[in-house]
Amino acid sequence: MMNRSFGHPRLAVRTTLAIAATWLMIVGLSSATGASTATSRSAPSRTRILVFKPFVRSGLRPGVVVASNAKGHCWTGSISNSEAYAWRCFRGNLIYDPCFSSPYRAKLGYVVCPLYSKGTEEPSRVLSLRLTSPLPAEGDAARKGTRGMWWLIRLRNGVECQTTDGAAAYLKAVPSVYYCDGGGIAGEPKQTSEPWTVRYVSKGARTAATELVVVASDG
């Protein structure tokens, strides 16, 4: 079965989308607007829209750390990220999306794939994926169709969530397309006021709690 890797870090947790979908369906969420998970973090005034750029001309941007190395290949542009130089890649039978190549060096020979990075608003830990074949040409240009799909959402409680790329579970007929390190999001972020909010459920919980969105990225 084809798996999509995620976790904290992704290489250390081999949870598949099927497993994520199973526990989300078992949980049996009830609609709730209860208090958010207790946290000492201050509430943001607005949700920050992030465009993740891991490379500068000299190499990786300061603050981005390679947490693991592997070999793999990328066969198409990212379906989670509409920016140029974003890719959908394989490491063994695990899918990483998005991964990023350098816009400054066309034949660098590797891409970097964000890993869960608790404690920082932007991804700070990446997998360095050494390419076993050249990148396809079509990923070098920005693409349409992914705007509004937030591949990264970071909540006020410190939890990081990523899109399931369309493999959605259903919570009382509400699609859940975001899995988190220890939970999931029912439905889409509510963007009608600042900061945005989501209905977040921690693993094993029976009710959803309203949680503030600190950072969201579709690029």
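Quick caveat, the model's predicted, so the values are computed rather than measured. Each chain has its residues counted from 1, following the order in which its sequence is written. Only residues with pLDDT of at least 70 get local features here, since the model is predicted, and only at 80 or more are side-chain atom pairs given and counted; chain-wide, interface and lining totals rely on the full set of residues. With hydrogens and water stripped out, all remaining heavy atoms of the structure feed into the side-chain values.

**Examining the overall build of the protein**
Part 1 of the argument: Numbering goes from the N terminus for both helices and strands, where a helix is a DSSP run of H or I of at least four residues and a strand is a run of E of at least two. Along the protein, the regular secondary structure elements total 1 helix and 18 strands.
Part 2 of the argument: Of all 219 residues assigned to the protein, the portion counted as buried reaches 51%.
Part 3 of the argument: Two residues qualify as a contact provided that any one of their heavy atoms is within 4.5 Å of a heavy atom in the partner residue. Considering only intrachain contacts with a sequence separation of at least 6, the fraction spanning at least 24 residues in the protein is 61%.
Part 4 of the argument: Surface summary for the protein: the accessible area is close to 10100 Å², and the carbon and sulfur share equals 55%. Between buried and exposed lies partly exposed: a residue is buried under 20% and exposed over 50% of the maximum accessible area for its type, with that area taken using a 1.4 Å probe on protein chains only. The method behind every accessible area is Shrake-Rupley, applied with a 1.4 Å probe, and residues are considered shielded solely by the protein chains displayed.

**Considerations on the state of the cysteines**
Part 1 of the argument: Cysteine sulfur atoms that come within 2.5 Å of each other are treated as a disulfide pair. In total, this model carries 3 disulfides according to the counting rule given.
Part 2 of the argument: Across the disulfide from Cys74 sits Cys89; the S-S distance is 2.0 Å. Judged by the torsion about the S-S bond (90°), the Cys74/Cys89 disulfide is right-handed. Of the two residues, Cys74 sits in strand S6 (residues 65-77) while Cys89 sits in strand S7 (residues 86-91), which places them 15 residues apart along the sequence. Considered together, Cys74 and Cys89 belong to a single accessibility category, that of buried residues.
Part 3 of the argument: Disulfide pairing places Cys99 opposite Cys113 at an S-S distance of 2.0 Å. The sign of the 100° torsion about the S-S bond sets the Cys99-Cys113 disulfide as right-handed. Pair noted here: Cys99 is in strand S8 (residues 94-100) and Cys113 is in strand S9 (residues 110-114), with a separation of 14 residues, a long-range link.

**Quick notes on the layout of surface pockets**
Part 1 of the argument: Computed from the structure, the largest pocket encloses a volume of approximately 240 Å³.
Part 2 of the argument: What lines the largest pocket is a set of 16 residues, among which Arg105, Ala106, Lys107, Leu108 and Leu135 lie closest to the centre.
Part 3 of the argument: Three categories are distinguished: nonpolar for Ala, Val, Leu, Ile, Met, Phe, Trp, Tyr, Cys and Pro, charged for Asp, Glu, Lys and Arg, and polar for the others, with Gly belonging to the last. Here the residues of the lining of the largest pocket sort into 9 nonpolar, 4 polar and 3 charged. Lining residues are defined by having an atom within 4 Å of a point belonging to a cavity or pocket. Those points lie on a 1 Å grid over the protein atoms alone, cavities being sets where a 1.4 Å probe fits but cannot get out and pockets being open sets with protein on both sides within 12 Å along at least five of seven lines. Grid points are joined across faces, edges and corners, and a volume is the space filled by probe spheres set on the points.

**Re the environment of Gly92**
Part 1 of the argument: Inspection of the secondary structure puts Gly92 in the loop between S7 and S8.
Part 2 of the argument: Taking the relative accessible area as the measure of exposure, Gly92 reaches 67% and is therefore exposed.

**Quick look at the side chain of Ser128**
Part 1 of the argument: Structurally, Ser128 can be placed in strand S10 (residues 125-131).
Part 2 of the argument: Residue classification places Ser128 among the buried positions, given a relative accessible area of 10%.
Part 3 of the argument: Once residues within four sequence positions are removed from consideration, Ser128 is found in contact with Val66, Ser68, Asn69, Ala70, Tyr110, Val111 and Val112.

**Let's talk about the pairing of S10**
Part 1 of the argument: Counting buried residues in S10 gives 5 out of 7 residues, a clear majority hidden from the surface.
Part 2 of the argument: Bridge count between S6 and S10: 7 bridges; the pairing is parallel. Along S10, the bridge assignment pairs Gly72 with Leu131.
Part 3 of the argument: Strands were regarded as paired on the criterion that DSSP finds at least two bridges between them. Sheet topology places S9 next to S10; 5 bridges connect them, and they run antiparallel. When the sheet's bridge partners are listed, Val111 is paired in S10 with Leu129.

**Thoughts on the side chain of Arg88**
Part 1 of the argument: Mapped onto the elements, Arg88 comes out in strand S7.
Part 2 of the argument: Side chain to side chain, Arg88 and Asp97 meet in a polar contact 2.7 Å long. Polar contact is the term for a pair of N or O atoms within 3.5 Å; when the atoms are in protein, one must be able to donate a hydrogen and the other to accept it, and sequence-neighboring residues count only if both atoms are side-chain atoms.

**Overview of the packing of aromatic side chains**
One pair of aromatic rings is described through two measures. These are the centre distance and the angle between the planes.
Part 1 of the argument: Stacked, tilted and edge-to-face pairs are distinguished by plane angle, under 30 degrees for stacked and over 60 for edge-to-face with tilted covering the rest, among Phe, Tyr and Trp rings (Trp via its six-membered ring) whose centres lie within 6.5 Å. Taken as a whole and judged by the stated rule, the model has 6 aromatic pairs.
Part 2 of the argument: Among the aromatic residues, those joined into a cluster by ring pairs are Phe52, Phe100 and Trp151.

**Examining the pattern of salt bridges**
Part 1 of the argument: The term salt bridge refers to a side-chain nitrogen of Lys or Arg lying within 4 Å of a carboxyl oxygen of Asp or Glu. Under the counting rule described, the total for this entry stands at 4 salt bridges.
Part 2 of the argument: Salt-bridge contacts for Arg88 lead to Asp97; the nearest nitrogen and oxygen are separated by 2.7 Å. By the burial criterion, Arg88 is buried, and Asp97 matches it.
Part 3 of the argument: The partner of Arg154 in a salt bridge is Glu160, and the shortest N-O contact between them spans 2.4 Å. One exposure class covers both Arg154 and Glu160, and it is buried.

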